[in-house]
Amino acid sequence: EGAVFLRKKITLLRAFSLLIGSMVGSGIFISPKGVLKNSGSVGFSLVVWFACGLLSMFGALCYAELGTRITKSGGHYIYILETLGPLPSFLFLWAEFFAIRFISDLLFLLWNFLDSSLETTFWLSPDMGYSCSNVVSSPDMVLTLNSWSVTWSARLQTALSIVKLLALALIIVPGMMLLVEGHTENFQNAFDRQSLVLDKLPLAFYAGMFAYSGWFQTSFVREELVRPERNIPLAVIVSVITVIVGYMLTNISYYTVLGTQDVLASPAVAVSFVQRAFKSLISVVPVLVALSCFGTMNGGIFTFSRTLFVASREGQWPPLFSMIHIRRHTPLPAVMLM
């Protein structure tokens, strides 16, 4: 009864959820150890976390400007195509799909197979590890929702973003309560210059930036955003500020409850935190982290499938993947390939 195209169904709330859901993944539950180890002290690690947030904000604002001027979806790919030309964009596309996405996922599956107990990540026992790993690594639900309806996959992303914020609140609230009560002993001599090694700082920033990655996701779905000139900047600013505040408070809570030695000794800081703060919720944390990773996976498949769709439309990917389901208005072949 009309033209078949991707409908504008990403509202401001859904754009905000997409960014929150993409940024808050496993990083904040694991990365504090890497940031602290390579920055040398509590004070410098907090500075690194804040600086990473500012860098992410600058990058996100640049992408917000690009998103309001270049009206196509596709994210990094379409910006390279529009500015540098077809050859760099072609090379980026195939490197992104085969080298970055495909190989990294393959290595992750291989690592899961070799380390089946998953004791080096979030899990407290092999049983919990297997059950949560199935939730994280199984793409069936994400494939079904993204193929069936943009609206329902966006609603799932909104729900999982709320879960992510609740997981952060679960860490922030008890830490802030202890801090208000006067437990500041772990912040004594916070800026110890003797432990600062400048050549390790890039590794601290690498761990911090990993936790913030995902601030560019709205640019991948630009054509499906409602009122993009207004909603892209708003979603970017609000979401990045929310994540910066959340990450800073979460790290302060970690240090208040655990201290530097416990953070460095812990394979999963969030689990160690809950073990120390309130053991009654110890079984909840792996599930929350699993759902957090699940939300990041949903956001990644939702957005990068649009890159394949746009690349196919531009003639740099097989034509099949520019097709849209005639009734569901979803890029079904691109989603299935992801």
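Residues numbered from 1 in each chain as written. Predicted model: local features only at pLDDT ≥ 70, side-chain atom pairs only at ≥ 80, totals over all residues. Heavy atoms only, no water.

Hey, could you run me through the pattern of salt bridges in this one?
A side chain with one charge may pair with a side chain of the opposite charge, provided their charged atoms come close. Applying the stated criterion across every chain yields a total of five salt bridges. A salt bridge links Glu 82 to Lys 72, with the shortest nitrogen-to-oxygen separation between them at 3.3 Å. Here Glu 82 is found in helix H4 (residues 76–84), whereas its partner Lys 72 is found in the loop between helix H3 (42–69) and H4, with ten residues between them in sequence. Judged by relative accessible area, Glu 82 falls into the partly exposed class, the value being 41%. Taking relative accessible area as the criterion, Lys 72 reaches 27% and is therefore assigned partly exposed. Note that Arg 313 is salt-bridged to Glu 223, the shortest N-O span being 2.7 Å. You can see Arg 313 sitting in helix H13 (residues 284–313) and its partner Glu 223 sitting in the loop between helix H9 (201–212) and helix H10 (228–257), a full 90 residues away along the chain. Connected via shared salt-bridge partners are Lys 72, Glu 82 and Glu 314. (Salt bridge = Lys/Arg side-chain N within 4 Å of Asp/Glu carboxyl O. Helix = DSSP H or I, 4+ residues; strand = E, 2+ residues; numbered from the N terminus. Buried < 20%, exposed > 50% of the residue type's maximum accessible area, 1.4 Å probe, protein only.)

It is not clear to me how the environment of Cys 62 should be interpreted in this structure. Could you clarify?
Relative to the helices and strands, Cys 62 resides in helix H3. Spatially, the C-alpha atoms of Cys 62 and Phe 216 are 9.4 Å apart, while their sequence positions differ by 154 residues.

Even after reading the chapter, I still don't get H4, so can you show me in this structure?
Within H4, the full set of buried residues consists of His 76, Tyr 77, Ile 78, Tyr 79, Ile 80 and Leu 81. A positive backbone phi angle near 110° is found at Gly 85, which sits one or two residues after H4.

Help me understand unusual backbone geometry, please; the structure alone is not making it clear to me.
Note on backbone geometry: most residues besides glycine have negative phi, and most peptide bonds are trans. Residue Arg 227 is not a glycine yet carries a positive backbone phi of 50°. Within the secondary structure, Arg 227 is located in the loop between H9 and H10. Assessed through its relative accessible area of 53%, Arg 227 is described here as exposed. Unusually for a residue other than glycine, His 329 sits at a positive phi of about 55°.

Mind showing me how you'd approach empty space enclosed by the protein here?
With a probe scaled to a water molecule rolled over the atoms, the places where space remains empty come into view. For the structure shown, the criterion picks out three cavities of 30 Å³ or more. Estimates place the volume of the largest cavity at around 60 Å³. Put simply, the parts of the chain that give the lining of the largest cavity at least two residues each are helix H1 (12–23), helix H8 (150–180) and H13. The element that contributes the greatest number of residues to the lining of the largest cavity is H8, accounting for three residues. Class assignment of the residues belonging to the lining of the largest cavity gives a composition of four nonpolar, three polar and one charged. Lining the second largest cavity are Phe 29, Ala 167, Leu 170, Ile 171, Val 274, Val 285, Leu 288 and Val 289. Listed by contribution, the elements that provide at least two residues to the lining of the second largest cavity are H8 and H13. Taken together, the residues of the lining of the second largest cavity sort by class into eight nonpolar, no polar and no charged. (1 Å grid on protein atoms, 1.4 Å probe; cavity = no way out; pocket = protein on both sides within 12 Å on 5 of 7 lines; lining within 4 Å. Points joined across faces, edges and corners; volume = space filled by probe spheres on them. Nonpolar A, V, L, I, M, F, W, Y, C, P; charged D, E, K, R; others polar.)

What should I look at first to understand the UniProt feature "transmembrane region" (unreviewed entry) in the protein in this one?
The positions that UniProt labels "transmembrane region" (unreviewed entry) are, in the present scheme, residues 12–30, 42–66, 87–114, 159–180, 201–220, 232–250 and 281–304. Overall, residues 42–66 shows 100% helix and 0% strand. The separation of its end C-alpha atoms is 36 Å. Measuring from the first to the last C-alpha atom of residues 201–220 gives 31 Å, for a span that is 60% helix and 0% strand. (UniProt positions renumbered as here; feature names shortened; annotations may be inferred.)

What exactly am I supposed to notice about the nonpolar core here?
Note that soluble globular proteins tend to have their nonpolar side chains buried in a common cluster. Judged by nonpolar contacts, the single largest core of 74 residues is most densely connected at Trp 49, Val 240 and Tyr 247. By residue number, the principal contributor to this core is H10, which donates twelve residues. Residues Val 142, Leu 145, Leu 160 and Ile 301 belong to the second largest nonpolar core, which totals six residues. (Core = buried A, V, L, I, M, F, W, Y, C linked by side-chain atoms within 4.5 Å.)

When you look at the packing of aromatic side chains in this model, what are you seeing that I'm missing?
Describing an aromatic ring pair means giving the distance of the ring centres and the angle of the ring planes. Within the structure shown, the criterion is met by twelve aromatic pairs. Summarising the aromatic geometry, the rings of Phe 97 and Phe 98 are spaced 5.0 Å apart at their centres and angled 90° between planes, so their arrangement reads as edge-to-face. Taken together, a centroid distance of 5.2 Å and an interplanar angle of 75° make the contact between Trp 215 and Phe 216 edge-to-face. Here Trp 215 and Phe 216 have matching classes, each one buried. Through pairs of rings, three or more aromatic residues link up here, namely Tyr 63, Tyr 79, Trp 215, Phe 216 and Phe 220. One Lys or Arg, Arg 306, reaches over the ring of Phe 302 and ends 4.2 Å from the middle of that ring. Sitting over the face of the ring of Trp 148, Arg 328 holds its NZ or CZ atom 3.5 Å from the ring centroid. (Phe/Tyr/Trp six-rings, centres within 6.5 Å; stacked < 30°, edge-to-face > 60°. Lys NZ or Arg CZ within 6 Å of the ring centre and 35° of its normal.)

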